Each structure stands twice: as structure tokens, then as C-alpha cells.
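Each chain, letter by letter, is given below.
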There are 2 protein chains.
Amino acid sequence: MNLITRNTDYAIRALCYIVKSNKNMVSVRELVEGLKMPGPFLRKILQELSRKGILRSYKGKNGGFVLAIRPEKIYVGELIEIFQGPIKLQEHIFRKKICPEIKSCILKKKIDEIEEYTISELNSLSISSLLKTGRQDK
Amino acid sequence: MNLITRNTDYAIRALCYIVKSNKNMVSVRELVEGLKMPGPFLRKILQELSRKGILRSYKGKNGGFVLAIRPEKIYVGELIEIFQGPIKLQEHIFRKKICPEIKSCILKKKIDEIEEYTISELNSLSISSLLKTGRQDK
DNA sequence: TATAAAGATACCATACCAGTATCATTATGT
DNA sequence: ACATAATGATACTGGTATGGTATCTTTATA
Ligand code: FES
Ligand code: FES
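Residues numbered from 1 in each chain as written. Chains lettered and ligands numbered in written order. Predicted model: local features only at pLDDT ≥ 70, side-chain atom pairs only at ≥ 80, totals over all residues. Heavy atoms only, no water.

J.: If you had to explain the protein's contact with DNA strand C to someone new, which residues and values would you point to?
T.: Close to DNA strand C lie 29 residues; R29, R43, Q47, S57 and F94 of chain A are nearest. In DNA strand C, atoms within 4 Å of the protein come from the sugar-phosphate backbone in 65% of cases. A distance of 2.9 Å is found between a phosphate oxygen of DNA strand C and a side-chain nitrogen or oxygen belonging to R29 of chain A. For DNA strand C, a phosphate oxygen lies 3.2 Å from a polar atom in the backbone of R6 of chain B. Mapped onto the surface near DNA strand C, the elements with two or more residues apiece are α2 (28-35), α3 (39-51), β1 (55-58) and β2 (64-67) of chain A together with α1 (6-21) and α3 (39-51) of chain B. With 4 residues, α3 of chain A is the largest single contributor of residues to the surface near DNA strand C. (Near = heavy atom within 4 Å. Polar contact = N/O pair within 3.5 Å; in protein donor to acceptor, adjacent residues only side chain to side chain. Helix = DSSP H or I, 4+ residues; strand = E, 2+ residues; numbered from the N terminus.)

J.: Report on the protein's contact with DNA strand D, specifying residues and quantitative values.
T.: Around DNA strand D sit 29 residues in total, of which R29, R43, Q47, S57 and F94 of chain B are the nearest. The sugar-phosphate share of atoms of DNA strand D within 4 Å of the protein amounts to 61%. A distance of 3.3 Å separates a base oxygen of DNA strand D from a polar backbone atom of G60 of chain A. A distance of 2.9 Å separates a base nitrogen of DNA strand D from a polar atom in the side chain of R95 of chain B.

J.: Just give me the short version of the relation of the copies chain B and chain A, but keep the residues and values in it.
T.: Expressed as a screw transformation, the operator carrying chain B onto chain A has a rotation angle of 180° and an axial translation of 0.0 Å, and the superposed copies differ by an RMSD of 0.0 Å. Expressed as an axis order, the relation between the two copies is that of a two-fold axis. For chain B, the residue whose C-alpha comes nearest the rotation axis is M1 of chain B, separated from it by 3.9 Å. Taken together, the interface assignments show that 100% of the residues at the interface of chain B recur at the interface of chain A, consistent with an identical surface on both copies. (Least-squares fit on C-alpha atoms with pLDDT ≥ 70 in both. Contact = heavy atoms within 4.5 Å.)

J.: So what about unusual backbone geometry? Which residues, and what values?
T.: All names here are of chain A. With a phi angle near 55°, K36 is a residue other than glycine that sits in the positive phi range. Along the chain, K36 falls in the loop between α2 and α3. For K96, which is not glycine, the phi dihedral falls at a positive 70°. You can see K96 is positioned in the loop between β3 (93-94) and β4 (97-98).

J.: Give a detailed account of the nonpolar core, specifying residues and quantitative values.
T.: Within the largest apolar cluster, 78 residues are counted, with the highest numbers of intra-cluster contacts made by L49 of chain A together with L49 of chain B. Those residues in contact with L49 of chain A, other than ones at most four positions away along the chain, are A11, L15, I54, L55, L79, I82 and F83 of chain A. (Core = buried A, V, L, I, M, F, W, Y, C linked by side-chain atoms within 4.5 Å. Buried < 20%, exposed > 50% of the residue type's maximum accessible area, 1.4 Å probe, protein only.)

J.: I'd like to hear about the interface of chain B and chain A, residue by residue, with values.
T.: When the parts of a complex come together, some accessible area is lost, and that lost area is often used as the size of the interface. Chain B puts 42 residues into the contact, and the matching count from chain A is 42 residues. In this assembly, chain B packs against chain A so that about 4,000 Å² is buried in total across both faces, 60% of it on carbon and sulfur atoms. If you look at where chain B meets chain A, you find 4 salt bridges. In this structure, R13 of chain A and E101 of chain B form a salt bridge, with 3.3 Å as the shortest nitrogen-oxygen distance. Applying the counting criterion to the chain B and chain A interface returns 18 residue pairs in polar contact (both at pLDDT 80 or more). When contributions to the side of chain B that touches chain A are tallied by element, the ones reaching two or more residues are α1, β3 (93-94) and α5 (108-123) of chain B. For the side of chain B that touches chain A, the leading source of residues is α5 of chain B, giving 9 residues. For the side of chain B that touches chain A, a count of residues per class yields 20 nonpolar, 8 polar and 14 charged. (Buried area = accessible area lost by both parts, 1.4 Å probe. Salt bridge = Lys/Arg side-chain N within 4 Å of Asp/Glu carboxyl O. Nonpolar A, V, L, I, M, F, W, Y, C, P; charged D, E, K, R; others polar.)

So far we have only geometry, and geometry alone does not tell us how the molecule works.
Structure follows, in C-alpha cells:
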């Protein structure tokens with residue numbers, strides 16, 4: 001099980017890199033070299049962050065990406081939502097069909113409780129706090 | 001995302017049914033009728049519970065399954081482990097490859113924290129407590 | 001005006017999930 | 001004895017999501 005998928009993970013790491021770089025423009029090329037990620041995939045990810053207003057992009061030679069909002073205002077929960085949709089520990093969907101017993105499901109209460117805790121933790125975890133407390137050194 | 005997959009879910013519901021039935025033997029046939037689950041799939045699930053010592057099975061005519069241990073001693077966390085392996089919110093595995101940066105991953109601390117809470121909640125949630133507090137009525 | 005960047009989209013391989021399908025074994029009722 | 005009704009074991013399968021590629025277009029700069 002992966003609460004965080006690869007694209008979200010790459011997004012987080014790329015954002016951290018951009019913050020730490022202290023440059024006013026970072027290109028995909030530079031990120032690929034610094035973070036060893038597959039270029040085209042990372043590009044798709046950054047484009048999405050651009051569409052969602054997390055990054056601001058500049059086309060053309062010497063172009064690249066810049067943070068559009070401050071890192072204290074970018075939350076991991078938000079990034080997960082962008083790439084994976086609303087955070088849910090249990091979708092109650094199997095094979096495209098929703099559980100018919102969801103109204104009487106005896107598991108739902110406890111799962112909802114865990115889910116609520118999880119969401120609140122992720123929604124209060126910002127990129128800047130990751131950089132402060134994290135083991136970002138190699 | 002599904003913290004609980006369909007086989008685990010069916011297993012839990014079947015166990016609850018067996019407890020509530022108060023019979024000393026329940027067959028797959030009866031469970032299928034009572035719970036509207038696909039027969040062969042449920043059979044595979046109950047066989048696994050048998051192998052793992054949760055149920056005791058009896059072959060032959062009038063055969064079926066009986067609880068092998070008391071419902072207070074059967075925990076949801078344990079059932080998840082049986083059908084899905086060790087509970088993890090983040091496997092750090094994508095495409096069969098483990099994250100190379102796991103040693104320096106800035107996300108790991110927080111995820112581990114959420115994971116620990118989740119596991120402890122699931123490991124203390126028994127079948128009997130589900131039956132007591134749950135909305136098991138239709 | 002060549003170049004180097006991002007934007008947009010279509011495509012693809014693999015793994016996993018939720019099952020089926022079969023055949024073998026074992027106990028029971030008549 | 002033997003048909004029947006149950007579980008045991010295991011192989012197979014279709015659909016979907018994930019983690020990517022591959023291409024082509026657009027835009028800015030030196
Ligand atoms: S797990 Fe979906 S209704 Fe219980
Ligand atoms: S998510 Fe796996 S190492 Fe960070």
C-alpha cells in the first residue's frame with residue numbers, strides 16, 4: 001500500500017529542491033540532474049503543479065519553474081490530492097462498484113477515525129516544515 | 001486506496017456472521033446465501049482462515065467451518081496481515097523497486113508516525129468489539 | 001533563426017486485485 | 001456400497017491503476 005504514489009513523491013522532492021536551491025528559476029533539466037528522476041515523467045508532474053498554481057512556469061530558453069506560493073503554504077495533503085485525488089484510507093470501491101453494505105458497515109467507524117487523523121496530519125505538514133525537521137542531508 | 005481489500009472485508013463479515021449465527025457449524029453455502037458473496041471466492045478465503053488457525057474446518061457432508069479461537073481474540077489487524085501481508089501505509093516500493101532514498105527520506109518520519117497509530121488501532125480491534133459497537137443491523 | 005525550454009496528449013508495460021474454474025479429498029445418509 | 005455434499009489445493013483470467021515513454025506544439029532568448 002502506498003499512501004503516497006511516485007508522482008506525489010517526486011513532486012514533494014522537486015519542490016524541496018526548488019526551495020533549497022534559492023534560485024529564481026529551476027529547469028527540469030537541472031532537477032533531473034540533481035534528483036535523478038526520469039525527465040519526461042518529472043516534466044509531466046511539474047506541469048501539473050503549474051496548472052494547479054503551486055508553481056509558475058516560464059517557457060522558452062532559460063525558462064523553468066518558480067514557486068508560485070510560499071513553501072509554508074504548500075501542504076503534503078494538498079499535493080496528494082492533486083496527484084491522487086481526495087485522501088481516503090478506504091474507498092469502499094472494488095472493481096468500480098461501491099460496497100452495497102456501506103450503510104451498515106461495521107468497519108467504517110474505526111476506519112473513518114483513522115482516516116480523519118491521517119488527513120489532518122497530512123494537511124498540516126508543509127514543505128517548509130519538511131525541510132526544517134526532515135533528514136534532508138545525504 | 002483500500003486499507004482493507006475485498007478478501008479481508010469478506011473474511012471479517014463472514015467471521016461476524018459465524019459468531020452471530022450461534023451454530024456449531026456453518027457452511028460456505030449458508031454464508032453465501034446470508035451474505036451475498038461470490039461462493040468460490042469466499043471458499044478460498046475461509047480455507048485460508050482455516051490454514052491460519054482462525055477457523056476449524058470439517059470436510060464431508062454436513063461439514064463446514066467453526067471458529068477455532070474466541071472472537072475477542074481475533075483482531076482486524078491480524079486478518080489484514082493474513083490476506084494482505086504486514087500492514088504498511090507506505091511500502092517504499094514502486095514497480096518492484098525500493099526507493100533508493102529511503103535513508104534520507106524526509107517524509108518517512110511522519111508517515112511512520114501515522115502508520116504506527118493505524119496499526120495499533122487495527123491490532124486492538126477485535127471481531128467481538130466490532131459486533132458490540134458496530135452498526136451490524138440492516 | 002537555431003536552440004532550449006515548457007505545454008499537451010497519446011500511448012504503453014507491468015502488477016495487482018477480484019475473482020473463476022477444476023480436480024482431488026473426505027465424510028455422511030441411505 | 002455409493003451417491004452426495006461438503007472442504008482442500010491450485011491454476012488461470014480480465015480489468016484497472018501505476019509508472020512511466022514518445023511526440024508534437026508553442027514560446028522565449030541569445
Ligand atoms: S468496507 Fe466498504 S462498506 Fe465496509
Ligand atoms: S517515499 Fe519511499 S523513500 Fe520517501
